[in-house]
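As a plain string of letters, each chain reads:
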Amino acid sequence: MTPDGELIESFRQKAVSLGYEAQYRGVRVTPGDPGELVQDPARLDAALADAVRQSVGEDGAEAVIMGGGPLSASAVRLQPQFEQPLVVAVTAAARAAVKEIATED
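A few points on the structure. (Residues numbered from 1 in each chain as written. Predicted model: local features only at pLDDT ≥ 70, side-chain atom pairs only at ≥ 80, totals over all residues. Heavy atoms only, no water.)

The next thing to look at is the pattern of salt bridges. Evaluation of the coordinates by the stated rule reveals 5 salt bridges. Arg28 serves as the salt-bridge partner of Asp59, at 2.9 Å between the closest nitrogen and oxygen. Of this pair, Asp59 sits in the loop between helix H3 (41-57) and strand E1 (64-66) while Arg28 sits in the loop between helix H1 (5-17) and helix H2 (34-37); the two residues are 31 residues apart in sequence, bridging distant segments of the chain. For the salt bridge of Arg53 with Asp50, the shortest nitrogen-to-oxygen distance reads 3.0 Å. Pair noted here: Arg53 and Asp50 are both in helix H3, with a separation of 3 residues, about one helical turn. Via salt bridges that share partners, Arg28, Glu58 and Asp59 belong to a single interconnected network. (Salt bridge = Lys/Arg side-chain N within 4 Å of Asp/Glu carboxyl O. Helix = DSSP H or I, 4+ residues; strand = E, 2+ residues; numbered from the N terminus.)

Looking now at H1. With 13 residues, H1 extends 18 Å between its outermost C-alpha atoms, agreeing within 8% with the 18 Å of an ideal straight helix rising 1.5 Å per residue. Two or three places before Glu6, at the start of H1, stands the capping residue Asp4, its side-chain oxygen 2.9 Å from that residue's backbone nitrogen. Backbone geometry just after H1 places Gly19 at a positive phi near 85°. (Expected span 1.5 Å × (residues − 1). Polar contact = N/O pair within 3.5 Å; in protein donor to acceptor, adjacent residues only side chain to side chain.)

Let us now look at a nonpolar patch on the surface. Among the surface-exposed residues, Leu7, Phe11, Val27 and Val29 lie close enough to one another that they form a single nonpolar patch of about 270 Å² accessible area. Along the chain, Phe11 falls in helix H1. (Patch = residues over 30% accessible without salt bridge, like charges linked within 9 Å, V, L, I, M, F, W, Y side chains within 5 Å. Areas by Shrake-Rupley, 256 points an atom, 1.4 Å probe, with all protein chains shown as cover.)

Right, let's get into the environment of Leu86. Position of Leu86 relative to the elements: it lies in strand E2 (residues 86-88). Taking C-alpha positions, Leu86 is 6.0 Å from Ala63, a pair spaced 23 residues apart along the chain. If near-sequence neighbours (up to four positions away) are discounted, Leu86 is found in contact with Val52, Val64, Met66, Ala75, Leu78 and Gln79. (Contact = heavy atoms within 4.5 Å.)

Take a look at the structure:
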């Protein structure tokens with residue numbers, strides 16, 4: 001959703017640094033002002049659903065990471081519409097942190 005070129009490039013670089021370059025399919029952003037879009041959950045869901053469809057149909061994505069806190073609720077609402085997993089970035093990060101803390105003995 002964030003149309004920041006540097007941020008988007010950082011996602012690609014992170015995928016490369018972690019060895020996931022072959023699986024990385026890019027970033028889709030929603031059109032319009034992100035601040036306005038998050039104020040209307042129905043519009044946000046529709047825009048994100050379109051982005052997911054493009055990611056799957058055009059980019060060949062087998063899973064879609066829904067990044068950022070404001071997108072978490074939309075990802076949960078949209079998941080039933082898609083066979084591909086919509087990964088809630090905030091939840092995934094929290095689970096990874098808990099797992100890491102639990103293994104630190």
